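Given next are the chains, with one letter for each unit.
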Amino acid sequence: ARCVVCGTASVSSWDPWPTGHRLERHVLVKRASIAGFLLFDYVERFDEARNQLAAWISEDRLRWKEHVLKGIEAAPGAISMLYRGENRGKLVVKLG
């Protein structure tokens, strides 16, 4: 699907004039394109991606960090930590 942003239609609806960030103004003025995609749009390429990612990991070209907390009792605090941006890397609560 495509979304068309028209300057006159968009501007005419600004009453009162908007404050703050308005995505449609940036899209219009910068003549930008917005395209969405879903993971499931590429199901047929999952094996290809898995193989490529595994190769990059084995070549040490792809690295990641995990911030691991242990036990279900850490879960509420983990969510708070996530929202405060205190985790370093993928935040994981390890059970068992």
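Calculation criteria
- Residues numbered from 1 in each chain as written.
- Predicted model: local features only at pLDDT ≥ 70, side-chain atom pairs only at ≥ 80, totals over all residues.
- Heavy atoms only, no water.
- Helix = DSSP H or I, 4+ residues; strand = E, 2+ residues; numbered from the N terminus.
- Buried < 20%, exposed > 50% of the residue type's maximum accessible area, 1.4 Å probe, protein only.
- Polar contact = N/O pair within 3.5 Å; in protein donor to acceptor, adjacent residues only side chain to side chain.
- Contact = heavy atoms within 4.5 Å.
- Pairing = 2+ DSSP bridges.
- Right-handed = clockwise from strand over helix to strand, strands pointing away.
- Salt bridge = Lys/Arg side-chain N within 4 Å of Asp/Glu carboxyl O.
- Expected span 1.5 Å × (residues − 1).
- Arc of directions from axis to C-beta.

A.B. asks: Go over the side chain of Asn-87, please, and point to the residues and values.
C.D. replies: Its place among the elements puts Asn-87 in the loop between α4 (75–84) and β2 (90–94). On the basis of relative accessibility, which here comes to 14%, the residue Asn-87 falls in the buried class. A polar contact of 2.8 Å, which involves the side chain of Asn-87, links it to the backbone oxygen of Gly-89. Not counting residues up to four positions away in its chain, the partners in contact with Asn-87 are His-67, Met-81 and Leu-82.

A.B. asks: A description of the pairing of β2 should follow, citing residues and the corresponding values.
C.D. replies: Remark: a regular strand shows side chains that alternate across the two faces of the sheet. Note: strand β1 (residues 66–70) against β2, five bridges, orientation parallel. Counted as the bridge partner of His-67 is Leu-91 from β2. Read from β1 through α4 to β2, the crossover connection turns out right-handed.

A.B. asks: An account of the pattern of salt bridges is needed here, citing residue identities and associated values.
C.D. replies: Tallied over the entire structure, the rule returns five salt bridges. We note a salt bridge from Arg-63 to Asp-60, for which the minimum N-O separation is 3.4 Å. Exposure remark for Arg-63: the relative accessible area of 63% places this residue in the exposed category. Arg-84 is the salt-bridge partner of Glu-86, the closest N and O atoms lying 2.8 Å from each other. Owing to a relative accessible area of 53%, Arg-84 belongs among the exposed residues under this scheme.

A.B. asks: Any chance you could break down the environment of Met-81 for me, citing the residues and the numbers?
C.D. replies: Locating Met-81 in the fold gives a position in helix α4. Its relative accessible area of 16% is what places Met-81 among the buried residues. Separated by 10 residues in the primary sequence, Met-81 and Leu-91 have C-alpha atoms spaced 8.9 Å apart.

A.B. asks: Before we move on, can you summarise helix α3 (residues 46–58) with the specific residues and values?
C.D. replies: With 13 residues, α3 extends 18 Å from end C-alpha to end C-alpha; this agrees with the ideal 18 Å at 1.5 Å per step. Just downstream of α3, Asp-60 is the residue with a positive phi angle, here 60°.

A.B. asks: Could you give an account of α4, naming the residues involved and the relevant values?
C.D. replies: Residues of α4 that are buried include every one of Ala-75, Ala-78 and Met-81, and no others. Here the buried residues of α4 occupy an arc of 115° about the axis, which is enough to place them on one side. When the buried face of α4 is taken as reference, the exposed residues oriented beyond 90 degrees from it are Pro-76, Tyr-83 and Arg-84. The secondary structure elements touched by the buried residues of α4 are β1 and β2. Residue Gly-85 follows α4 closely and has a positive phi angle near 75°.

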